[in-house]
Amino acid sequence: MRFLDEFADPVLARRMIEQIKATATRTWTLMEVCGGQTHSIIRNGVDTLLAGAVEFIHGPGCPVCVTPLEMIDRSLEIASRPDVVFCSFGDMLRVPGSGRDLFHVRADGGDVRVVYSPLDAVRIAADNPAKQVVFFGVGFETTAPANAMAVVAARERGLRNFSMLVSHVRVPPAITAVMRSPRCRVEGFLAAGHVCTVMGTAEYGPLVERFGVPIVVTGFEPLDLLAGVRQSVELLEAGAPALRNAYPRAVAAEGNPVAQRVLADVFEVCDRKWRGIGEIPASGWRLSGEWADFDAGRRFAVDDLEVRESPDCRAGEVLQGLLKPHHCPAFGSRCTPRSPLGATMVSSEGACAAYYAFRRLEVPSGA
Ligand code: SF4
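Given the structure is predicted, the values throughout are model-derived calculations rather than measurements. Sequence order as written defines residue numbering, which begins from 1 separately in each chain. The model is predicted, so local features are restricted to residues of pLDDT at least 70 and side-chain atom pairs to those at 80 or more, both for listing and for counting; the totals for chains, interfaces and linings are taken over all residues. Water and hydrogen atoms play no part in the side-chain values, which are based on all heavy atoms of the structure.

## Some points on the environment of alanine 282
Part 1: Numbering goes from the N terminus for both helices and strands, where a helix is a DSSP run of H or I of at least four residues and a strand is a run of E of at least two. Along the chain, alanine 282 falls in strand β11 (residues 278–287).
Part 2: Through-space distance from the C-alpha of alanine 282 to that of arginine 338 is 34 Å; in sequence the pair is 56 residues apart.
Part 3: Any pair of residues with heavy atoms lying within 4.5 Å of one another is described as a contacting pair. Residue contacts for alanine 282: discarding those within four places in its chain leaves Arg170, Pro173, Val269, Cys270 and Asp271.

## Some remarks on helix α1 (residues 10–23)
Part 1: For α1, which comprises 14 residues, the first-to-last C-alpha distance of 20 Å matches the rise-based estimate of 20 Å (1.5 Å per residue) to within 8%.
Part 2: In the core, the buried residues of α1 are packed alongside α3 (46–49), β2 (54–61) and α12 (222–238).
Part 3: The opening residue of α1, the one whose side-chain oxygen lies 2.8 Å from the backbone nitrogen of valine 11, is aspartate 9. To estimate how far a helix should extend, the number of its residues minus one is multiplied by 1.5 Å. Polar contacts here mean pairs of N or O atoms no more than 3.5 Å apart (in protein, one a potential hydrogen donor and the other a potential acceptor; neighbouring residues in sequence count only if both atoms are side-chain atoms).

## With respect to the packing of aromatic side chains
Part 1: Any two of the Phe, Tyr and Trp rings considered here, Trp counted by its six-membered ring, make a pair once their centres fall within 6.5 Å; the pair's planes then place it as stacked at under 30 degrees, edge-to-face at over 60, or tilted in between. In this structure the tally under the stated criterion is seven aromatic pairs.
Part 2: An angle of 75° between the planes, with centres 6.3 Å apart, marks the rings of phenylalanine 220 and tyrosine 247 as edge-to-face. One end of the pair, phenylalanine 220, is in the loop between β8 (215–218) and α12; the other, tyrosine 247, is in the loop between β9 (243–245) and α13 (257–266), and 27 residues separate them in sequence. An identical accessibility class is assigned to phenylalanine 220 and tyrosine 247; each is buried.
Part 3: To sit over a ring, a charge needs its Lys NZ or Arg CZ within 6 Å of the ring centre and within 35 degrees of the ring normal. Its guanidinium or amino end placed over the ring of tryptophan 28, arginine 26 lies 3.7 Å from that ring's centre, counting from NZ or CZ. The rule is simple: take the accessible area with a 1.4 Å probe, protein chains only, and divide by the maximum for that residue type; under 20% is buried, over 50% is exposed, in between is partly exposed.

Encoded structure:
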């Protein structure tokens, strides 16, 4: 197969669904870690088609959703300053902070710009030497290398007015946190294919051994997902947890060594708080000492923020697979994409947004 629509072939998909259902002797609970996979599963009805064989538990793999509230509030504070041009990917602008979002800051006169690459922010810094240009660097292992390269590019160009507000997160510690939860029901993981294109698969073998669950690296198209599910169910039925790569067209075991070198140079591992979940040891990246002069958190001392999460939002449970989005009492009524209470309702990878876009007609009245 060479083209993307071939990975949505309905005849092949039906055959794979029948195979999975014939293999499963009971309902297995699988967590897809990545929000992109969540959207594909819900959009294509994969969960409905596999009902009885697999229950999908949606994981914490939406980078926008897990960016801690403190960091959102810090971004709002920095973006409000008159000498600052604040650059971000579009998803972050609607994410609610303690009282407002970046759109509000822009409406109040802040220079908040949507960029499509961190290098756009570097260019804006070169074009505006009298301004401080700050890029909001969020995301998993997938986006971190490009953001690291932007810092390298800024140094090479001698830019002293560019900095980055870094809130990067790493997948393997999140899997550990999910498995350690006393309420964990996960029996197998679909690992995010794009993360593994960068990092490879080496970090996942020890998790399989430690927790005794299969981990299958999986892509995003319907047949990619079904291939990952089929391998997971086969491993579970055999009682033989193992690491498998069901996305070989994109993922090599060693990942992308060039990207890994840039990451190791520019960032260092740190503990990180995840929105709605709490602190997870060694789950984040920050700029390493040699690059600390590009750290917007240092350049703009923003302390003593009083953060206030919506008391009605249960996104933390959604992100840990403990609550389905449409079972949240605020879903679709007090919380919609136009008026979100939590980041999971506005992010393009958020589980609540996926259910709102594709499943809200199934919400029982009164929910
Ligand atoms: S539906 Fe809204 S309020 Fe409920 S968990 Fe999702 S984002 Fe939070």
